[in-house]
Amino acid sequence: MIPAAYAILDLDAVQHNLAVVRHYAPDAKVMAVIKANGYGHGLLRIAEALQGVDAYAVARVDEGIRLRNAGFANRIVVLEGFTYADELDAFMNYQLDTVVHSSVQLELLDKRHENNQITVWLKLDTGMNRLGFKVRELDSVYQRLSACSVIKPSIHLMTHLASADDKNDAMTLRQIRLFDEAVAKYPGQRSIANSAGILGWPAALAEWVRPGVMLYGISPFPELVGSQLDLKPVMSLHSRLIAVKPIEKGDTVGYGGSWRCEKSTLLGVVAIGYGDGYPRYASPGTPVFVNGKRVPLIGRVSMDMITVDLETQPLAKPGDPVILWGEHLPVEEIAHCAGTIPYTLVCGITQRVQIVCD
Ligand SMILES: *Cc1c(COP(=O)(O)O)cnc(C)c1O
C-alpha cells in the first residue's frame with residue numbers, strides 16, 4: 001500500500017552535493033552537519049550516505065550517541081557541547097568531540113581527572129552573539145583548557161558566521177578577520193564556514209568546513225535555488241488527490257472561508273497538511289505539482305489536507321500523483337511562499353510521512 005504522504009530521498013544526490021562542497025573547498029576537511037535528524041532526512045540514513053567525510057556534526061549529545069550506537073566510528077562533533085556533568089560523562093564514554101563555549105563547561109572540565117580524553121573545539125563569538133567566548137577571553141580560556149587533563153592537547157578553534165547568506169553584508173569579512181587575528185598565535189585546526197561560507201566566502205574556508213543545508217541540495221542564499229549552485233535536491237515530498245469536484249463562483253473554500261471563488265472551477269483536495277509538515281502559512285497561489293504540472297494552492301492549509309485549483313486540469317481525478325516539493329518544484333520556492341526558509345520545511349517533516357529511498 002502506498003502511504004498517502006511520503007518523501008522520496010535521492011541518496012546519490014547527497015554524494016553529488018558532497019562533491020560540490022569538495023569543489024569549493026578542495027583543501028579543507030569536511031565536517032558534515034547532520035543535526036536535527038539529518039535536516040529531517042534521517043540521521044543514520046544520511047550518515048550512511050556520507051561515509052567518507054572527515055567528521056559528522058550534530059547539535060546534541062543524544063544524536064552523537066545514536067550515531068555511535070549504530071556503529072559509526074568517525075569523528076563526531078557535538079555543536080552545543082554539554083551543560084551538565086552527566087552529559088560530559090557521555091562525551092567521554094562515547095568519544096564525542098565537544099564544542100566549548102561557556103565558563104560552566106570549563107568548570108566541569110576542570111574538575112575531572114581520569115585517563116580518558118576528548119577533543120575540544122573552542123568556540124569564539126565573533127558577532128553572532130549566540131554561543132562562544134569573546135575574543136578578549138580567548139587567552140585565559142585557552143590556558144584553562146590546556147591545563148585540563150581530560151582534554152586532548154590539540155585544541156581546535158571555531159566560530160560561526162551570522163550573515164554569510166548575504167553576499168553584500170560586510171559583517172562576514174569582519175567576523176573572518178576578527179577570528180583569524182584572534183587565533184593566529186595558536187596551533188590547532190580552524191573552522192568557520194557553513195554552507196553559505198563555503199559557497200560565497202573563500203576567506204572562510206580554513207582547515208575544516210561545516211556544510212549543512214547544501215548537502216541536502218538546498219541553497220543557503222535566499223535569492224537562489226539549489227540547482228543554480230549545481231546542487232541536487234535530496235528530498236521530494238509526495239501525496240495524491242483524494243477528491244475532485246466543481247465549485248461555483250462565490251463559494252468559499254476551507255476553514256474560515258478565507259478563500260472565495262471568483263469564477264466556477266474544479267477543486268482538488270490533496271492528502272497532505274501541516275500534520276505532515278506542509279507549511280500552515282503557505283499562501284494561496286503556492287505552486288503544487290499535480291500530474292506533472294503546476295497548479296495553485298487555494299484556501300487554508302489544514303492538518304491533513306490542502307486544496308488546489310484544477311482549472312487547467314479538467315481530467316484530474318482522485319489517485320493522481322501530487323508533488324509538494326522536489327526536483328521541479330524547489331523547496332526554496334515553497335518556503336518563500338510560506339514566509340519561511342527551506343531549512344524549516346525539510347526539518348519539519350513529521351513521523352506520519354513515510355520515507356522511501358530511491
Ligand atoms: C547548523 C550549523 C552549520 C551548518 O549550517 P548550514 O547553513 O546548514 O550549512 C554549521 N555550523 C554550525 C555551528 C551550525 O550550527
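Residues numbered from 1 in each chain as written. Predicted model: local features only at pLDDT ≥ 70, side-chain atom pairs only at ≥ 80, totals over all residues. Heavy atoms only, no water.

Looking at the secondary structure, you find Thr-126 in the loop between β6 (120-124) and α7 (138-146). For the pair Thr-126 and Val-269, spaced 143 residues apart in sequence, the C-alpha separation works out to 49 Å. Here the side chain of Thr-126 touches Gln-175 through a polar contact of 2.9 Å, side chain to side chain. (Helix = DSSP H or I, 4+ residues; strand = E, 2+ residues; numbered from the N terminus. Polar contact = N/O pair within 3.5 Å; in protein donor to acceptor, adjacent residues only side chain to side chain.)

Our next topic: the domain arrangement of the protein chain. The domain boundaries assigned to the protein chain delineate domain 1 (12-217) and domain 2 (235-357). Centre-to-centre, using C-alpha coordinates, domain 1 lies 38 Å away from domain 2. With seven residues of domain 1 at the interface, the matching set in domain 2 holds seven residues. Interface area, domain 1 with domain 2, both sides summed: about 670 Å², of which 68% is carbon and sulfur. Linking domain 1 to domain 2 there are zero salt bridges. Our enumeration of links across domain 1 and domain 2 arrives at zero residue pairs in polar contact (both at pLDDT 80 or more). For the side of domain 1 that touches domain 2, a count of residues per class yields three nonpolar, three polar and one charged. (Domains from an automatic or database assignment. Contact = heavy atoms within 4.5 Å. Buried area = accessible area lost by both parts, 1.4 Å probe. Salt bridge = Lys/Arg side-chain N within 4 Å of Asp/Glu carboxyl O. Nonpolar A, V, L, I, M, F, W, Y, C, P; charged D, E, K, R; others polar.)

Across the interface, helix α4 (residues 61-69) lies against helix α5 (residues 85-94) with an axial gap of 10 Å and an inter-helix angle of 25°. When the axis of α4 is compared with that of α5, the two are roughly parallel. Crossing handedness for the pair α4 and α5: left-handed. Facing Val-61, Ile-65, Arg-68 and Asn-69 of α4, the residues of α5 in contact are Glu-87, Ala-90, Phe-91 and Tyr-94. Looking at the contact of α4 with α5 residue by residue, the classes come out as five nonpolar, one polar and two charged. (Axes fitted to C-alpha atoms, helices over the stretch in contact; angles between N-to-C directions. Parallel < 35°, antiparallel > 145°, perpendicular 65-115°, else oblique. Left-handed = near helix turned anticlockwise from the far one by under 90°.)

This part takes up the packing of aromatic side chains. Taken as a whole and assessed by the stated rule, the structure comprises six aromatic pairs. Seen from their ring centres, Tyr-39 and Tyr-216 are 4.6 Å apart, and the 20° between their planes marks the pair as stacked. With a gap of 177 residues between them, Tyr-39 in helix α2 (residues 35-39) and Tyr-216 in the loop between β9 (208-209) and β10 (235-247) connect regions that are remote in the sequence. Seen in terms of ring centroids, Tyr-56 and Phe-72 are 5.8 Å apart; in terms of plane orientation they differ by 90°. Their pairing is edge-to-face. Here Tyr-56 is found in strand β3 (residues 55-58), whereas its partner Phe-72 is found in the loop between α4 and β4 (75-78), with 16 residues between them in sequence. Here Tyr-56 falls in the buried class, since its relative accessible area comes to 0%. Lying across the ring of Phe-221, Lys-167 places its NZ or CZ 4.3 Å from the centre. (Phe/Tyr/Trp six-rings, centres within 6.5 Å; stacked < 30°, edge-to-face > 60°. Buried < 20%, exposed > 50% of the residue type's maximum accessible area, 1.4 Å probe, protein only. Lys NZ or Arg CZ within 6 Å of the ring centre and 35° of its normal.)

Taken together, 14 residues form the shell around the ligand, and within it Lys-35, Tyr-39, Ser-195, Val-213 and Tyr-343 come nearest. Taking 390 Å² as the accessible area of the ligand by itself, protein coverage stands at 92%. Per-class residue counts for the shell around the ligand are six nonpolar, four polar and four charged. (Near = heavy atom within 4 Å. Areas by Shrake-Rupley, 256 points an atom, 1.4 Å probe, with all protein chains shown as cover.)

The subject of this paragraph is the pattern of salt bridges. This model, assessed by the stated rule, comprises 12 salt bridges. The salt bridge involving Asp-89 is made with Arg-112; its shortest N-O contact spans 2.7 Å. Of this pair, Asp-89 sits in helix α5 while Arg-112 sits in the loop between α6 (103-110) and β6, and the two are 23 residues apart along the sequence. For the salt bridge of Glu-311 with Lys-263, the shortest nitrogen-to-oxygen distance reads 2.8 Å. Of this pair, Glu-311 sits in the loop between β16 (306-309) and β17 (321-325) while Lys-263 sits in the loop between β12 (259-260) and β13 (265-270), and the two are 48 residues apart along the sequence. Among the charged side chains, a salt-bridge network with shared partners connects Asp-89, Arg-112 and Glu-114.

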